[in-house]
Every structure is written in C-alpha cells, then in structure tokens.
Amino acid sequence: MGGWLSSMAGDLSRWVLYLALAATVGAVVTGALLRRASATGRLDPDACSSVERARVQSWRNGILLLALAGAFRAWLQVDTFRDPGDPFWPMARTVLGNTTWGRGAVLQVIGVVLSLVAVVRVKNAVLSERLGVFGALALMAAPAWQGHAAGVDSRVMLAMGADAAHTAAFSIWIGTLLVLRFALLVPARASEPPGARAVVTRELVARFSPVALTCGGLLAATGFWAVLLHLTSVPDLWRTRWGQLLVAKLIAVAGVAAAGAYNWRRVSPLLGTSAGQAFLRNGVNAELLLAVLVLAITAILTGTGTPASD
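Residues numbered from 1 in each chain as written. Predicted model: local features only at pLDDT ≥ 70, side-chain atom pairs only at ≥ 80, totals over all residues. Heavy atoms only, no water.

**Comments concerning the overall build of the chain**
Inference 1: Secondary structure assignment for the chain yields ten helices and zero strands.
Inference 2: Tracing the chain from N to C terminus, the helices and strands come up as α-α-α-α-α-α-α-α-α-α.
Inference 3: For a compact globule of 310 residues, the expected C-alpha radius of gyration is about 19 Å, and the chain comes in at 20 Å, within 12% of that figure.
Inference 4: Judged by the C-alpha coordinates and their principal axes, the chain covers about 65 × 45 × 35 Å. (Helix = DSSP H or I, 4+ residues; strand = E, 2+ residues; numbered from the N terminus. Rg over C-alpha atoms; globule rule 2.2 N^0.38 Å.)

This is the structure we're talking about:
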C-alpha cells in the first residue's frame, strides 16, 4: 500500500478503534451505573429493561468494530515491515510476538475475547460485570503499548502508565456519554409509563456527573504529563506538525469541556421532565460531536512523530 494511502488508512483505523473502544468501555460503565440506580427501587422496570437492551446492543457493536479495526491495523502494521514479495505470516509472527506493538495487539485481543464472553453471558449479571471489567481494563491498557509512550528513551513504564490512564479517562467519559445518548434518549416504548424514561435519565446522569468530572481531571493531568514528555520546546507547538495537532486537540477538548459544563450546570437541573430530555439530547449531541473530533485529531496525532523523537 502506498505511503500516503497507508498513512490515511492507519489514521482512519485508529479513529474507528478509539470510537469502538469508548463504546465498549462506556457500555460496561453504564451497566454498573444502571444496576446501582435500579437497586434503589425507584425506577420503572420496563424503562430500565429498555435502556439495558440498548446498552447491550451498543456493547456488541463496539466489540465488533474493535475486532475489525484491530485486525485491519495488525495487517497494516505487518505490511509496513514486510518487503514486497515476502510471505505475510512469518512477518506477522515476528511483529506480534517480538515487538512492543505486538504485545499491545495481543492485549487487545484478550480484551475483545473477554468482552465478547461477557456479552454472551450477559444474563448472568455478576459474571458479565466481572468479565466486562477485566476486558475493559485490557482494552484501555493496549494503546499504551502501540503509541508514543512506548518509544520514550527513559521512564517508559511511567509514560505507558500515564498513557493508559489517559486512554481510560477518555474511554469512560466519552464512551459512557455515547452509550447514554443511544440508551436513554431514543424514543420510549409504548409499554413504558409516561415519564419513566425521564426518571431513569435523571438517576443515571446524576451518577455519571462525578465520574465525568473525575475523568476530566485525570485527562488534564495525564495530558499535561504527555506534553512535558514529548515537547522539547514551546515553539514546537507551532513549528512542528505534532505541536499544531496538539493545539487543535486542546481547542477541541476545551469545547467538549465547555459543552459538558453547560450540560451539568444548566441542563441537569431540568432532568426528570420532557423539556429536560429535549435539552439534554441537544447538549449531548454537541458534546459528542466535539468528542468525535477530538478522537479524530488524536488518531492523526498518534501516527505523527513527536518533537522529542525527531
């Protein structure tokens, strides 16, 4: 595959993988929030059941996209190292078995398998929750083995740990928001009592808000650490492509944070009403649109050399 075409395919596959990762992790977190909200006994069972079905469907879609995007990225990675005419599988064994990138790919496969088993055994809530958590942990750790953090000259484990925490923070925040959007804000079924979905929305959003705030703080801290690690000087922010992409990402992240703050301060108090549902739908759509842009920039940024590596 040609150089520019391979680069574009790599960026696109990383973007899809980040979206699928967020959806998969978000489904796990949403399930935990829903179970805790249901345990209060204040929520209508039909409304909770409808939200649960939508959550599981989002989970399955995320796992499927993860598997497809991961397989395509593995093929691209092997093809990059393989000379024209050389057999594919010997190089694949070398890349997957003897490189840091390959270890990340193996960890991703483990996460996909655990998540898949969790979905298949979704009727057993306890087993599904545990397998889903372990699968999500493996999936959130995998990108650290395949990005810039794995290639630093010193403090590699610290850099990879911070990168994994960064991935976990955006996956939980954006992924849960994504799943909540499709699970809560779709039209209610005829069997659901009037207003039942609005009550479920209010309960879940109330539980999600502190999680989102924590993830936002973790994103800021780990992102700042990454900048210190990969930036050699302030002028790199406008002199290098990596720096320019970083600035664009920071602007987009600020937009996501602003949309989230608006939803939290202005929209959340209206939840529990039909008007609140409409305001939340618009607010969440704006927040997710900006988040998708952030992930697109991140996908390109991950494939761009850092100033420290040049």
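After that view of the structure, there is still more to cover.
**Notes on the packing of aromatic side chains**
Inference 1: Tallied over the full model, the rule gives two aromatic pairs.
Inference 2: Here the aromatic rings of Tyr18 and Phe170 are separated by 6.1 Å at their centres, their planes lie at 80°, and the arrangement is edge-to-face. Separated by 152 residues along the polypeptide, Tyr18 in helix α1 (residues 3–38) and Phe170 in helix α6 (residues 156–184) bring together distant segments of the chain.
Inference 3: A relative accessible area of 9% places Tyr18 in the buried class.
Inference 4: Between Arg181 and the ring centre of Phe182, over which it is positioned, the NZ or CZ distance is 5.8 Å. (Phe/Tyr/Trp six-rings, centres within 6.5 Å; stacked < 30°, edge-to-face > 60°. Buried < 20%, exposed > 50% of the residue type's maximum accessible area, 1.4 Å probe, protein only. Lys NZ or Arg CZ within 6 Å of the ring centre and 35° of its normal.)

**Here's the deal with the pattern of salt bridges**
Inference 1: For the structure shown, the criterion picks out six salt bridges.
Inference 2: Here Arg42 makes a salt bridge to Glu203, at a shortest N to O gap of 3.2 Å. Placement of Arg42 in the loop between α1 and α2 (45–81) and of Glu203 in helix α7 (residues 196–230) is noted, with a sequence separation of 161 residues between them.
Inference 3: Residue Glu203 is classed as buried on the basis of its relative accessible area, which comes to 10%.
Inference 4: Shared partners join several salt bridges into a network, and the residues in it are Arg35, Arg36 and Glu129. (Salt bridge = Lys/Arg side-chain N within 4 Å of Asp/Glu carboxyl O.)

**Some details on α2**
Inference 1: Its 37 residues place the ends of α2 54 Å apart at the C-alpha level, agreeing with the 54 Å of an ideal helix rising 1.5 Å per residue.
Inference 2: The backbone nitrogen of Asp46 lies 3.0 Å from a side-chain oxygen of the residue at the head of α2, namely Asp44. (Expected span 1.5 Å × (residues − 1). Polar contact = N/O pair within 3.5 Å; in protein donor to acceptor, adjacent residues only side chain to side chain.)

**A word on the confidence of the model for the chain**
Inference 1: Residues of the chain with pLDDT of at least 70 account for 93%, and the chain-wide mean is 85.
Inference 2: Within the chain, helix α4 (residues 100–120) carries the highest mean pLDDT (92), whereas helix α3 (residues 88–98) carries the lowest (82). (pLDDT = per-residue confidence, 0-100.)

**A look at helix α5 (residues 125–141)**
Inference 1: Taking 1.5 Å as the rise per residue, α5 with 17 residues should run 24 Å; its terminal C-alpha atoms sit 24 Å apart, in good agreement.
Inference 2: Within α5 the residues assigned to the buried category are Ser128, Leu131, Gly132, Gly135, Ala136, Ala138, Leu139 and Met140.

**Regarding the packing of α2 against α3**
Inference 1: Relative orientation of the contacting elements α2 and α3 amounts to 105°, with a least axis distance of 9 Å. The orientation of α2 relative to α3 falls into the category roughly perpendicular. Each of Trp75, Gln77, Val78 and Phe81 in α2 lies in contact with α3, whose residues at this interface are Phe88, Met91, Ala92 and Val95.
Inference 2: A class-by-class count of the residues in the contact of α2 with α3 yields seven nonpolar, one polar and no charged. (Axes fitted to C-alpha atoms, helices over the stretch in contact; angles between N-to-C directions. Parallel < 35°, antiparallel > 145°, perpendicular 65-115°, else oblique. Contact = heavy atoms within 4.5 Å. Nonpolar A, V, L, I, M, F, W, Y, C, P; charged D, E, K, R; others polar.)

**Remarks on the environment of Val56**
Inference 1: Within the fold, Val56 resides in helix α2.
Inference 2: Given a relative accessible area of 8%, Val56 falls into the buried group.
Inference 3: Taking the C-alpha atoms as reference points, Val56 and Gly303, 247 residues apart in sequence, are found 32 Å from one another.

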